[in-house]
Amino acid sequence: MSLSVTDTSERVTAPRQVDTVIIGSGFAGLGAAIKLTQKGKNNFLVLERGSDVGGTWRDNTYPGAACDVPSHLYSYSFALNPDWTRSFSTQPEIQKYISSVARKYNVLSKHVFNSDVTSVTWDENTHRWNIIASTGEYTAKVVVTAVGALCEPNLPPIKGIEGFEGDVFHSAQWNHDVSLAGKRVAIIGTGASAIQIVPAIADKVERLDVYQRTAPWILPRFDREYTGIEKFAFKRIPGVQRLSRTAIYAARETQVVGLAKKPALMRMFEVIAKKQISKGIKDKSLRKKVTPNFRIGCKRMLISNAYYPALDRSNVDLVTDGIVEVKANSIVSADGTEREIDALIVATGFHVTDSPAYQGIYGTGGKTLAQTFEEEGQQGYKGAAVAGFPNMFFLVGPNTGLGHTSMVFMIESQLNYVIDALDTIEKHGIGQIEVRKDVQDDYNADLQDRMANSVWMNGGCASWYLDKHGNNTTLWPDFTFRFRAITRKFDLAAYRSVAASDLPTPAVGATADNDIEVAAQ
Ligand code: N01
């Protein structure tokens, strides 16, 4: 990320000033835009690097893309959709839903699409954020980052991969111009994305090599189309859809006991998952290869009824010897075998705890969010604030992820908190607000204590839930209703705040940055 704001010669327009800039318009950013609008806080913009709302659901268009959480729960509580066609919706249906919500709540006019934010810099002089994006420059009193955890594809550093001469693309950047029909294809990775892609393409390609580093646990997928009667009931009978949503929520929440508190309880899921293996795969040696060697839940539990039968096909090979090298038209595995391929699909996940986006966020003292997280781990307070980053709120921030239920539920909890924070700032005439480091440290010590008995820390796997310090800074380690409870109200006492009237007046000409900012104001 390069940044130079000292050169003013190219500036043609002054930065656009708003109260709040939201970065990203997936479920989180779009939800923030809707809530701000409903509160009458209309002086905001959403900077979105894509050309539509939807975030990860807009981008992940790979064959077979669908949600692992039933849609009646995986949707906004304030915008229920009685028209879901099936229990686990596909990507196109979810994307259609998100777009329709954006239109219904009339927030598209607040979006600046194709706006790739390259830097967000706290200006100690003006007490505002300076934002540089591909669409121009902006300044805001408050920034809400809603960039999501699954937005930056993680490309594996495999020897020779840049020299591959066939078609190659990441699962989140599917190249629909390439036909895989009749081709020899390899896919690297066996995570949530790969296990949806494999059955969707296995019968179309000539050959498919699936490169597995770690076998995932896979549970049955209870997916089906809703009947006409069900859809009628969801639409016409008051309370039915809410009831269905509550039942899904309650059933999923029971998993927290095993995941976060008593991992031994997860064994019963292993029994079910092993049955899936013997039911889906005839070949005994293949069964062995796909049987995981860690406690279920340590990595995200996956669901599919089609993956194992797809692996069992005669034109599909599961390769468990590590990849040594990718050549111009082939992959060489550790046992020395070279398999020729025409196309390579990289389904290796995302930068979750080390997102490149963090490198462009400059807090107090010019320290980037990436540096802060590098030194201290990815820590925040209630997933919404990070010490050193005043007037900035995070959606889907540290320790707000989930493996068992709907992220939209967590996002709505965070929206309550952040919108209440903005109300509080307004009500108290606050000019600058930052979470207290001691409060943040205590919060994180408590989180890690609660994490100590969890399957994520003791399940015997390496997962992207953990950061390089070995801490789980990705997941919320408790029932989600507890997170809802602690985010119901903004807790001003956890923050250091200064009234706008007490902030020093910006010093004109203090620095080059300030020159630009003050001149623009
Ligand atoms: O990514 P992943 P994903 N060499 O990180 C392997 C959400 N999601 O895109 O396990 C070889 O899970 C890696 O191996 P290992 C959901 O939250 C949701 O599939 O690290 N292999 C793993 O097998 C999910 O958790 C839905 O040993 C390498 C795979 O690549 C998240 O997105 C659908 C490698 C990566 O799996 C990410 O899922 C899809 C290397 N260098 C996604 N590096 C639904 O709701 C990594 N791997 C349905």
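As recorded in an unreviewed UniProt entry, the chain goes by NAD(P)/FAD-dependent oxidoreductase and comes from Rhodococcus sovatensis.

## A closer look at the site of the ligand
Residues in contact with the ligand amount to 22 residues; listed here are only the nearest, Ala66, Thr190, Ser193, Thr214 and Lys299. Thr190 places a main-chain nitrogen or oxygen 2.9 Å from an oxygen atom of the ligand. Burial of the ligand by the protein amounts to 85% of the accessible area it has alone, namely 910 Å². Both of domain 1 (11–151 + 351–448 + 460–474 + 490–503) and domain 2 (161–229 + 238–346) provide at least three residues apiece to the shell around the ligand.

## Describing the sheet that holds strand β9 (residues 207–211)
Taken in spatial order, the five strands of this open sheet run β7-β16-β8-β9-β12, and their pairing is parallel. A single partner strand is all that each edge strand has here, and the edge strands are β7 (167–170) and β12 (316–319). Neighbour-to-neighbour, the strand axes of this sheet turn through a mean angle of 15 degrees, independent of strand direction. Note: β7 against strand β16 (residues 343–346), four bridges, orientation parallel. Looking at the pairing, Phe169 lines up with Ile345 of β16.

## Regarding the pattern of salt bridges
All told, the structure shown has 33 salt bridges when counted by the stated rule. The salt bridge partner of Arg86 is Asp223, with a shortest N-O separation of 3.2 Å. Of the two residues, Arg86 sits in the loop between α2 (56–59) and α3 (91–104) while Asp223 sits in the loop between β10 (218–219) and α5 (228–236), which places them 137 residues apart along the sequence. Using a relative accessible area of 22% as the deciding quantity, one classes Arg86 as partly exposed. With its nearest N and O atoms 3.7 Å apart, the salt bridge here joins Lys327 to Glu338. Within this pair, whereas Lys327 is found in the loop between β13 (323–326) and β14 (330–333), its partner Glu338 is found in strand β15 (residues 338–340), the two being separated by eleven residues in sequence. For Lys327, a relative accessible area of 33% gives the class partly exposed.

## Describing the domain arrangement of the chain
Parsing the chain into structural domains produces domain 1 (11–151 + 351–448 + 460–474 + 490–503) and domain 2 (161–229 + 238–346). Just the C-alpha atoms count here: the centres of domain 1 and domain 2 sit 29 Å apart. Taken together, the contact pairs 36 residues of domain 1 with 32 residues of domain 2. Contact with domain 2 buries surface across domain 1, with Asp68, His72 and His404 losing the most and accounting together for 22% of the total. The tally of links from domain 1 across to domain 2 stands at four salt bridges. In this structure, the salt-bridge partner of Arg86 is Glu225, at a minimum N-O distance of 3.9 Å. Where domain 1 touches domain 2, the interface holds 22 residue pairs in polar contact (both at pLDDT 80 or more). Here the side of domain 1 that touches domain 2 is built from residues that sort into 18 nonpolar, 14 polar and four charged.

## Structural notes on the state of the cysteines
Under the criterion given, the structure shown has one disulfide. Residue Cys298 pairs covalently with Cys461 via a disulfide, S to S 2.0 Å. Looking down the S-S bond of the Cys298 and Cys461 bridge, the torsion is -85 degrees, so its handedness is left-handed. A residue pair is termed long-range when its members are at least 10 positions apart, and Cys298 in the loop between α9 (284–290) and β11 (302–303) and Cys461 in the loop between α14 (455–458) and α15 (480–486) qualify at 163 residues. As far as the burial class goes, Cys298 and Cys461 line up, both buried.

## What to know about unusual backbone geometry
The backbone phi angle of Asn106 is positive, close to 55 degrees, even though this residue is not glycine. Mapped onto the secondary structure, Asn106 falls in the loop between α3 and β3 (111–112). Taking the relative accessible area as the measure of exposure, Asn106 reaches 59% and is therefore exposed. Not every positive phi belongs to a glycine, and Val396 is a case in point at roughly 60 degrees. Turning to its location among the elements, Val396 is positioned in the loop between β18 (392–394) and α12 (407–427).

## Considering the side chain of His72
Within the secondary structure layout, His72 lies in the loop between α2 and α3. The exposure class of His72 is buried, given its relative accessible area of 0%. Not counting residues within four places of it along the chain, the set of residues in contact with His72 comprises Asn81, Trp84, Tyr226, Phe234, Gln241, Ser244, Arg245 and Ile248.

## Quick notes on the layout of surface pockets
The volume enclosed by the second largest pocket comes to roughly 540 Å³. Contributing to the lining of the second largest pocket are 23 residues, with Phe88, Phe222, Arg252, Gln255 and Ile303 lying nearest its centre. Ranked by residues supplied to the lining of the second largest pocket, first place goes to helix α6 (residues 240–253) with three residues. Class assignment for the residues of the lining of the second largest pocket results in 13 nonpolar, four polar and six charged.

## Quick look at the nonpolar core
Formed by 64 residues in total, the largest nonpolar core has its most connected members in Ile22, Phe27, Tyr76, Phe393 and Tyr495. Breaking this core down by element, the ones donating at least two residues are α1 (27–38), β2 (44–47), α3, β6 (136–145), α6, α12, β19 (430–435) and α13 (437–451). Counting residues per element, this core draws most heavily on α12, which supplies twelve residues. Split by domain, this core shows at least three residues from each of two domains, domain 1 (11–151 + 351–448 + 460–474 + 490–503) and domain 2 (161–229 + 238–346). Look past the residues within four positions of Ile22 in its chain and what remains in contact with it is Gly29, Ala32, Ala33, Leu36, Phe44, Leu45, Val46, Leu47, Val144 and Ala146. Among the nonpolar cores identified, the runner-up in size contains 32 residues, and Trp174, Val198, Leu318 and Ala343 belong to it.

Analysis parameters
Residue positions are counted from 1 within each chain, in the order its sequence is given. In keeping with the model being predicted, local features are shown solely for residues with a pLDDT of at least 70 and side-chain atom pairs are shown and tallied solely at 80 or more, while totals for entire chains, interfaces and linings include all residues. Hydrogens are left out, water is left out, and the side-chain values use all remaining heavy atoms of the structure. Put simply, a residue is near a molecule or strand once any heavy atom of it comes within 4 Å of that molecule or strand. Think of a polar contact as two N or O atoms within 3.5 Å of one another; within protein, one of them needs to be a possible hydrogen donor and the other a possible acceptor, and neighboring residues in sequence only count if both atoms come from side chains. Computed by Shrake-Rupley with a 1.4 Å probe, the accessible areas treat only the displayed protein chains as cover when residues are assessed. Domains are outlined according to an automatic or database domain assignment. For two strands to count as paired, DSSP must find a minimum of two bridges between them. Each helix is a run of DSSP H or I of at least 4 residues and each strand a run of E of at least 2, with the numbering of both proceeding from the N terminus. Lines fitted to C-alpha atoms define the axes here, with helix axes fitted over just the stretch in contact, and angles between the N-to-C directions of these axes take values from 0 to 180 degrees. What counts as a salt bridge is simple: a side-chain nitrogen of Lys or Arg found within 4 Å of a carboxyl oxygen of Asp or Glu. Exposure is judged per residue with a 1.4 Å probe applied to protein chains only, and the accessible area is read against the type maximum: over 50% gives exposed, under 20% gives buried, and values in between give partly exposed. By definition in these notes, contact holds between two residues if any of their heavy atoms fall within 4.5 Å. Two parts placed together each lose some accessible area under a 1.4 Å probe, and adding up what both lose gives the buried area. Three residue categories are used. Nonpolar comprises Ala, Val, Leu, Ile, Met, Phe, Trp, Tyr, Cys and Pro, charged comprises Asp, Glu, Lys and Arg, and polar comprises the others, including Gly. Cysteine sulfur atoms that pair up within 2.5 Å are treated as a disulfide. Think of a 1 Å grid over just the protein atoms. A cavity is a set of points where a 1.4 Å probe fits yet cannot get out, a pocket is an open set with protein on both sides within 12 Å along at least five of seven lines, and lining residues have an atom within 4 Å of a point. Grid points are joined across faces, edges and corners, and a volume is the space filled by probe spheres set on the points. We call a set of buried Ala, Val, Leu, Ile, Met, Phe, Trp, Tyr and Cys residues a nonpolar core when their side-chain atoms join them within 4.5 Å.

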